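# Observations on the three-dimensional arrangement
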Amino acid sequence: MTEAPAQILIVEDSETQALQLRYLLEEQGWEVTHAPTSESALESLNRYLPALIIADYHLPGIRGDELCRRVRMNVDTRAIPILMLTMEEGHGSEPAGLDSGADDYVSKSVAPEILLLRVRALLRTSGTRASALAHPDSHFHRARILAIDDSPTYLELLAQSLSGEGYEVTKAASGKEGLARIAGNSFDCVLVDLVMPEIDGIEVCRRINESAGHSIAVIMLTARETKEDMTRGLEAGADDFVGKSGDMTVLKARIRALLRRKFFQEENRRIREELLRNELDAAEARAAQELTMAKAVLVGELERKNKELEAFSYSVSHDLRAPLRSIDGFSNALLEDYGHQVDAKAQHYLHRIRAAAQRMGELIDDLLQLSRVGRAELQPGPVDVSQLAQVVNKELQQASPDRQVQLVIPDGVMANADRRLLQVVLENLFGNAWKFTKNVAEAVIEFGVGEDAGVPVYYIRDNGAGFDMAYAGKLFAPFQRLHSESKFPGTGIGLATVYRIVDRHGGRIWAEGTVGKGATFYWTLSPPNGPKDSI
Amino acid sequence: MNRNNQVILLVEDNPDDVELTRRAFEKSKMLNEIVVAGDGQEALDFLFAGVAPSVVLLDLNLPKIDGLEVLRRIRADERTKRLPVVILTTSTEEKDLISGYDLGANSYVRKPVDFAQFVEAVRQLGLYWLVLNERPPVTGTRT
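Structural notes, computed from the coordinates.

Cut-offs used in this document
- Residues numbered from 1 in each chain as written.
- Chains lettered and ligands numbered in written order.
- Predicted model: local features only at pLDDT ≥ 70, side-chain atom pairs only at ≥ 80, totals over all residues.
- Helix = DSSP H or I, 4+ residues; strand = E, 2+ residues; numbered from the N terminus.
- Buried ≥ 20, exposed ≤ 12 C-beta atoms within 10 Å, placed from the backbone.
- Contact = placed C-beta atoms within 7 Å.
- Pairing = 2+ DSSP bridges.
- Axes fitted to C-alpha atoms, helices over the stretch in contact; angles between N-to-C directions.
- Nonpolar A, V, L, I, M, F, W, Y, C, P; charged D, E, K, R; others polar.

The next thing to look at is the overall build of chain B. A count of helices and strands for chain B gives five helices and five strands. Walking chain B from its N terminus toward its C terminus, one meets helices and strands in the order β-α-β-α-β-α-β-α-β-α. The buried share of chain B, taken over its 143 residues, is 38%. The contacts in chain B between residues at least 6 apart in sequence include a share of 71% that link residues at least 24 apart.

Moving on, we get to the sheet that holds strand β9 (residues 168-172) of chain A. Residue and element names in this part refer to chain A. Pairing is parallel across the open sheet formed by five strands, whose spatial order is β9-β8-β10-β11-β12. Taken across any chain shown, the strands that pair with only one partner, and hence form the sheet edges, are β9 and β12 (240-243). Each neighbouring strand pair of the sheet contributes to a mean axis angle of 20°, computed without reference to strand direction. Bridge count between strand β8 (residues 144-148) and β9: five bridges; the pairing is parallel. For A147, the partnering residue across the bridge sits in β9 and is K171. Each of β8, β9 and β10 (189-193) is contacted by helix α7 (residues 175-184), which is oriented at about 160° to β8, the strand it contacts most. Packed on one face of the sheet, helix α10 (residues 249-338) meets β10, β11 (217-222) and β12 and runs near 165° to β11.

A few words on the interface of chain A and chain B. Each side of the interface is counted separately: chain A has 15 residues, and chain B has 13 residues. Elements with a contribution of two residues or more to the side of chain A that touches chain B: α10 and α11 (344-375) of chain A. Top contributing element to the side of chain A that touches chain B by residue count: α10(A), with twelve residues. Considering only residue class, the side of chain A that touches chain B consists of five nonpolar, seven polar and three charged.

Such coordinate-based values are descriptive only and should not be taken to indicate function.
Here is the structure:
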């Protein structure tokens, strides 16, 4: 075998025979585990599945044929091939071995080569590779029996003969003790004497059925097998009724039958549960897969939309501006070359055309910037906001050389932000402050920083036209303007752009204002208690 | 390569823009000859035919061979690799700026919508590239 060595479980009560077999098999490179009884073999199957089981037919306790049946009754183990070892050919145990579900049988006296041939053949058919169980579970265990009888002699007799059958027997000398033991353990079967002082068998039976339902098989034992007693016992919930006698044959047979039925039912339930669980797992996996697929589709969609938007912006930037240049340029040519031929009204119209074209140019530029700040990759780093504010205001001063504005900009205000985007914020907010203070005699524009919830709050305050707080909510939506174009020209996109930039930093922006008294814009550049900006 | 007397090569496919650019040059008293190439292929054909303009004004959105590719081929050719090339376009998309400079553009000027500003831009461009700037020495074997 080139793969991992096959694991073989030997079930053999004879130490010497087990050892012989182990040597023989290990010589072939197989790994061998040994269990001296069916009970211990079944226990080990709870933890681990071999590729092949080699079982002696004549075992103490559970015999080889019963072992076969149990292995075959379990979904996890039923595929494991079983090779039955029999005493002598023609001894009569072969048919029993095969009937029980063994895949093959050989006599113990067979030549080792023959045995190995059979083992190899079975390993070839074995679909089971040695594997740990997915759900370590007590599929197999020695049946636990509780015997309740007030006669110590009979109790001892019961215990001895049933232990010999491979059962795990617990004794209780009274109904009370029996019930106490049931409360603390899980038994497969209870044998209870009908006639006992205080709590009798009928009462025990009733209580078991009340508390444990029918999960425990109950066999009523009685010295007198009267019709009346039988009726009472069965009415109380006993599963069977057996007369007390020194000969345990009948009792053993009944117990075996009851337990087989009980195990069979449990196995059925287990299979049902397992199927249900598999179905649930499969449904869950399906749902997860669908979710992943849906996500992938959405991400792909988003990427596609982003690309489309980028292409759209690009073509807007190129193609929409070109005709505007023509409109403005040729209007200008008309004015310059033929202005003297038309009256003042016509000239006025031409000026209006030029103004509209230029305004549309600004709108396009602002819209492009808005879409660009939404797409641009954030590159945060330490920024000297004070210095940036100085630069921005210097440019604003150059654009309006006649204006006298008192600027208050403290030194050393720092932020962790994308420098370029923060500059756009300052350009817009300071630009607005300059714009809305143009009619104020002594314009004052103040920049500063405070703190809220552990995060720096930056602000720009002016004493200009201000705004009505009733419209504060509209400030940051694109194309929303609170002032007429003739008084304060603008595109209404600047604050939307600012909002977008602040939002992309995880911060927020808000404004306070009074009509005629000025406005203050506050903003943060990180979420509350988020990465703290150094000041 | 023949050093033509202060020729400007304008690579531009939009006739309106051609006309307005000519007008802007007139308005700013730049009376140099302006040769117009309507697409990238025409521009390259003109340049590789042996005429060295003082400056190339290059639009980016062009039919056939786009502006960036024209620039790349100009820089790749021994005869034209030092030619002053000014990108004169509508776009201020960052990627165009970066590609333009990466490919060796000497300047990048955006055409403003306002014609007055455009005239001013053209005036400064002409002043710089036609008057102030010392042209690179002629390369190649032909004279």
